[in-house]
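A structural walkthrough
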Amino acid sequence: ELQVADILAGHVLKEGDRVQVTLEVVDTESNRVLWRDTSTAAANDLIGLREQISQNLRRGLFPLLGAASGADDKATRPKNPEAYDLYLRSTVFGNDPAPNTQGIPMLEKSVALDPSYAPAWEALARRYYMEGTYGGGGSPAIEKSRAAFARALEVDPQLVSAATWLAGLQVEGGDLGGALEKSAELVRRRPDSASAHFNFGYVLRYAGLIEDSARECDAALALDPKNSAWRSCAETFALANKYDRALEYLQLDAGSQWVATIEVDIRIRQGQREQALALLPRTRGMLREMTQPCLTGPASAAAEKWRANLPRLLAGRDPEPKYYQAGSAAFCGQDDAALQLLRSSVEGNFLQYPAMDRDPLLQRIRSGPEFPRIRELAISRQKEIVGPWKARQPKTN
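Predicted model only: the values in this text are computed from it and were never measured.

Thresholds, definitions, all that
Residues numbered from 1 in each chain as written. Predicted model: local features only at pLDDT ≥ 70, side-chain atom pairs only at ≥ 80, totals over all residues. Heavy atoms only, no water. Helix = DSSP H or I, 4+ residues; strand = E, 2+ residues; numbered from the N terminus. Buried < 20%, exposed > 50% of the residue type's maximum accessible area, 1.4 Å probe, protein only. Contact = heavy atoms within 4.5 Å. Areas by Shrake-Rupley, 256 points an atom, 1.4 Å probe, with all protein chains shown as cover. Expected span 1.5 Å × (residues − 1). Arc of directions from axis to C-beta. 1 Å grid on protein atoms, 1.4 Å probe; cavity = no way out; pocket = protein on both sides within 12 Å on 5 of 7 lines; lining within 4 Å. Points joined across faces, edges and corners; volume = space filled by probe spheres on them. Nonpolar A, V, L, I, M, F, W, Y, C, P; charged D, E, K, R; others polar. Disulfide = S-S within 2.5 Å. Axes fitted to C-alpha atoms, helices over the stretch in contact; angles between N-to-C directions. Parallel < 35°, antiparallel > 145°, perpendicular 65-115°, else oblique. Left-handed = near helix turned anticlockwise from the far one by under 90°. Salt bridge = Lys/Arg side-chain N within 4 Å of Asp/Glu carboxyl O. Core = buried A, V, L, I, M, F, W, Y, C linked by side-chain atoms within 4.5 Å. Phe/Tyr/Trp six-rings, centres within 6.5 Å; stacked < 30°, edge-to-face > 60°. Lys NZ or Arg CZ within 6 Å of the ring centre and 35° of its normal.

**A short note on the overall build of the protein chain**
Each helix and strand in the protein chain was counted, giving 19 helices and 3 strands. Scored against the burial criterion, the 397 residues of the protein chain give a buried share of 48%. In the protein chain, the share of contacts with a sequence separation of at least 24, taken over all contacts with a separation of at least 6, comes to 54%. Total accessible area on the protein chain is roughly 18800 Å²; 51% of this is exposed by carbon and sulfur atoms.

Here you go:
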């Protein structure tokens, strides 16, 4: 019986105008080859090569794994060789702002040449999302992302990953109740989908259901152990004060700017100032400017940076980053900014009760009169939104 630890290894050989791809599954405990197959095609026929590999997987490997051999029959397939080549070449660019922008025009041209290939629409939507969230694209890029994910689902209604991203955009926009309904239904419909489990865990984090979120994160990891998108689960475990687990999830995308940014926050929470300071050069400029003075000198040295950047932080569309920014502000002695960001986070339906009661970075603002009011708002929103949703869920034994 194959286990998750079994490896699908590949070897590509190009000879003249022909390409040969050999795939094999190896039982890592016995080092025994369980399945091997070779596909060959012309070097300029990547679509034909893809079809060969897909057919061989469905006919040979999937039955061996106990999976349905026709699972991919209704999936959309590439039709234009140039469009498919652009789609493949775009995958080499990372998700950090600079490389991400390089992939966007390639995918825009790809979907223009072949608008019937859903994975290209989804890939473009993801890059629009990264540009809108971490680059300079802002709301226009987010709206492009939403439209491209919707187009991917229109082309291929069975593309679960695109549906999960739309639920993620929904919860980031404040519709926690709708996102809970959609993400729970996706998991019920596709319990075999790692993307569905990850997305459900993501939405549950917004609801403040951290243990449930962690369980869904681990389910996604078990189904797809190397997917860098699961890096976001580090936030779930950080909210649970399980920092070692959080750092494990960050390793899925080691070396990225996003991971360095989150690790700085985790190291500060652990009281590891030197490690946080060493990571700062790899983070975004605004974070460096606002955090470095708090690590190297008196916290008051960062006051002007926080005053200058606070309006921009408060204007963010996603309430989750505001929660962590509130902790950073409190760490820097900017109590008023911390409370404003924390309230804005809760008002956007990022409901971190009871996590806010044990968050080490919020300790200094918990004793003032404003924190209990924000805490009560989070509890009230949970009763209003999360409670009714939980009551509607099917009972499990």
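**Here's the deal with helix H9 (residues 210-223)**
Here H9 is 14 residues long and its end C-alpha atoms lie 20 Å apart, about the 20 Å a rise of 1.5 Å per residue gives. Listed as buried for H9 are Ile-210, Ser-213, Ala-214, Glu-216, Cys-217 and Ala-220. Burial along H9 is one-sided: seen end-on, the buried residues are contained in an arc of 165 degrees. Within H9, the exposed residues directed more than 90 degrees away from the buried face are Glu-211 and Arg-215.

**A look at empty space enclosed by the protein**
Tallying each qualifying case throughout the model produces 2 cavities of 30 Å³ or more. In this structure, the largest cavity spans a volume of roughly 60 Å³. Residue lining of the largest cavity: Asn-95, Asp-96, Pro-97, Tyr-134, Arg-231, Gln-257, Trp-258 and Arg-284, and that is the complete set. Considering only residue class, the lining of the largest cavity consists of 3 nonpolar, 2 polar and 3 charged.

**Section: the state of the cysteines**
Scanning all chains against the criterion turns up 2 disulfides. Paired by a disulfide, Cys-217 and Cys-233 hold their sulfur atoms 2.1 Å apart. Between Cys-217 and Cys-233 the sulfur-sulfur dihedral comes to about -90 degrees; the bridge is accordingly left-handed. Here Cys-217, found in helix H9, pairs with Cys-233, found in helix H10 (residues 233-239); they are 16 residues apart in sequence, far enough to count as distant. Residue Cys-217 is classed as buried on the basis of its relative accessible area, which comes to 1%. Disulfide pairing places Cys-294 opposite Cys-332 at an S-S distance of 1.9 Å. The chirality of the disulfide connecting Cys-294 with Cys-332 is right-handed, given an S-S dihedral of about 110 degrees.

**Regarding the packing of helix H15 (residues 303-314) against helix H16 (residues 319-331)**
Packed helix pairs are characterised by how far apart their axes lie and by the angle those axes make with each other. Where H15 contacts H16, the two axes come as close as 11 Å, and the packing angle between them is 165 degrees. Taken together, the axes of H15 and H16 are roughly antiparallel relative to one another. Remark: the crossing between H15 and H16 carries left-handed chirality. Residues Trp-306, Leu-313 and Leu-314 of H15 lie in contact with H16, whose contacting residues are Lys-322, Gln-325, Ser-328 and Ala-329. In terms of residue class, the contact of H15 with H16 is made up of 4 nonpolar, 2 polar and 1 charged.

**Section: the pattern of salt bridges**
Throughout the structure, instances matching the rule amount to 22 salt bridges. A salt bridge links Asp-218 to Arg-245; the nearest nitrogen and oxygen atoms lie 2.9 Å apart. Of this pair, Asp-218 sits in helix H9 while Arg-245 sits in helix H11 (residues 243-250), placing them 27 residues apart in sequence. Residues Arg-269 and Asp-265 are paired through a salt bridge, measuring 2.6 Å at the closest nitrogen-oxygen approach. Within this pair, Arg-269 and its partner Asp-265 are both found in helix H12 (residues 257-269), separated by 4 residues, close to a single helical turn.

**Comments concerning the nonpolar core**
Counting residues in hydrophobic clusters, the biggest one holds 82 residues, and the most contacted among them are Leu-176 and Leu-342. The element best represented in this core is helix H4 (residues 118-134), accounting for 8 residues. Once residues lying within four places of it in the same chain are set aside, the contact partners of Leu-342 are Tyr-323, Ala-326, Met-356, Leu-362, Ile-365, Phe-371 and Ile-374. Cys-233, Ala-238, Val-259 and Ile-266 belong to the second largest nonpolar core, which has 20 residues in total.

**So, unusual backbone geometry**
Note that the residue after Tyr-353, namely Pro-354, is joined by a cis bond; omega there is 10 degrees. By the element assignment, Pro-354 lies in the loop between helix H17 (335-347) and helix H18 (355-358). We note that Asn-241 has phi near 60 degrees; this positive angle belongs to a residue other than glycine. The phi dihedral of Asn-349 falls on the positive side, at around 75 degrees, and the residue is not glycine. Note on Asn-349: relative accessible area 8%, which makes it buried.

**Some thoughts on the packing of aromatic side chains**
Tallying each qualifying case throughout the model produces 14 aromatic pairs. Where Tyr-324 meets Phe-350, the ring centres are 6.2 Å apart and the plane angle is 65 degrees; that geometry is what we call edge-to-face. Linking Tyr-324 in helix H16 with Phe-350 in the loop between H17 and H18, this pair joins segments that are 26 residues apart in sequence. For Phe-350, a relative accessible area of 0% translates into the label buried. Taken together, the ring pairs in this structure connect Phe-198, Tyr-202, Tyr-206, Trp-230, Tyr-323, Tyr-324 and Phe-350 into an aromatic cluster. The ring of Phe-237 has Arg-245 sitting right over it, with the charged end atom 4.5 Å from the ring centre.

**A word on H4**
Here H4 contains 17 residues, and its C-alpha end-to-end distance of 24 Å stays within 8% of the 24 Å for a straight helix at 1.5 Å per residue. Counted residue by residue, H4 has 13 buried out of 17 residues, so it is predominantly covered.

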